[in-house]
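# Reading the structure
Listed here are the chains, written in short residue letters.
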Amino acid sequence: MLELIFIVILLAADQISKYLVQLYLSPVGTSVPIVEGLVQLTNVHNTGAAWGMLDGFRWLFIPLTLIVAGLLIIVMIRFRKNLTVFSRITLALLFSGAVGNFVDRVLLSYVRDFVDITPLFNFPVFNVADSALSVGCVMLVIDALFLKDKSMFERVTFKKEKTSAKPMEESDSSEKSDA
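Residues numbered from 1 in each chain as written. Predicted model: local features only at pLDDT ≥ 70, side-chain atom pairs only at ≥ 80, totals over all residues. Heavy atoms only, no water.

## Some details on the packing of helix H1 (residues 2-24) against helix H5 (residues 128-146)
Between H1 and H5, whose axes approach to 8 Å, the crossing angle comes to 145 degrees. Contacts from Leu10, Ala13, Asp14, Ser17 and Lys18 of H1 reach H5 at Val128, Ala129 and Ala132. For the contact of H1 with H5, the class distribution of residues is five nonpolar, one polar and two charged. (Axes fitted to C-alpha atoms, helices over the stretch in contact; angles between N-to-C directions. Helix = DSSP H or I, 4+ residues; strand = E, 2+ residues; numbered from the N terminus. Contact = heavy atoms within 4.5 Å. Nonpolar A, V, L, I, M, F, W, Y, C, P; charged D, E, K, R; others polar.)

Written as structure tokens, this is what we have:
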């Protein structure tokens with residue numbers, strides 16, 4: 001249930017914020033300062049991946065996102081009882097970010113970006129979905145490196161459990177030595 005709440009809130013925040021930027025910051029390239037010299041809203045259309053890399057590879061991003069989102073759903077549902085709250089939030093962030101940008105790619109053929117901190121850091125323009133993906137990736141690294149036996153990588157396995165039955169010969173010989 002926690003994951004669903006995160007997913008709904010993040011997807012709504014992502015799509016609503018993108019819609020508002022599209023509505024009030026036209027045409028593309030229009031900027032409005034939020035904190036002078038630090039943060040501004042800039043209407044940008046990104047046809048690539050993160051930071052505009054792989055421009056024009058929409059044909060790759062759409063099926064790849066479907067596969068990743070499908071795997072995330074499987075892990076969130078199938079292994080929910082085995083996962084910590086930290087892991088469940090991590091997966092929800094990754095799923096929300098992927099789906100938020102997926103919606104734009106499918107409906108518009110580009111992703112709407114608008115948070116611009118370029119004047120200070122020369123950082124690429126991004127959106128709510130990008131933020132969810134970035135935070136989710138950082139949490140995934142923390143999970144893998146620092147959570148040890150609580151890590152989702154330790155708790156999620158698609159392998160079938162093998163039975164621990166001893167071969168017949170071993171059990172016979174161990175019974176004889178006990179006697």
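## Quick look at the pairing of strand E1 (residues 31-35)
Strand direction decides the pairing type here: E1 and strand E2 (residues 39-46), joined by four bridges, are antiparallel. Directly across from serine 31, in E2, lies its bridge partner threonine 42. The turn linking E1 back onto E2 is made up of three residues, and glycine 37 within it adopts a positive phi angle of 80 degrees. (Pairing = 2+ DSSP bridges.)

## Notes on the layout of surface pockets
When its volume is computed, the largest pocket comes out at roughly 690 Å³. Lining the largest pocket we find 28 residues, and of these Ala49, Ala50, Asn101, Asp130 and Leu133 sit closest to its centre. Taken together, the elements giving at least two residues each to the lining of the largest pocket come down to helix H2 (58-78), helix H3 (85-108), strand E3 (111-116) and H5. In terms of residue count, H2 provides more of the lining of the largest pocket than any other element does, six residues in total. A breakdown of the residues in the lining of the largest pocket according to their chemical character gives 17 nonpolar, eight polar and three charged. Approximately 180 Å³ is the volume attributed to the second largest pocket. Around the second largest pocket, the lining residues are Leu72, Val75, Leu91, Leu94, Leu140, Met152, Phe153 and Val156. Tallied by class, the residues present in the lining of the second largest pocket amount to eight nonpolar, no polar and no charged. (1 Å grid on protein atoms, 1.4 Å probe; cavity = no way out; pocket = protein on both sides within 12 Å on 5 of 7 lines; lining within 4 Å. Points joined across faces, edges and corners; volume = space filled by probe spheres on them.)

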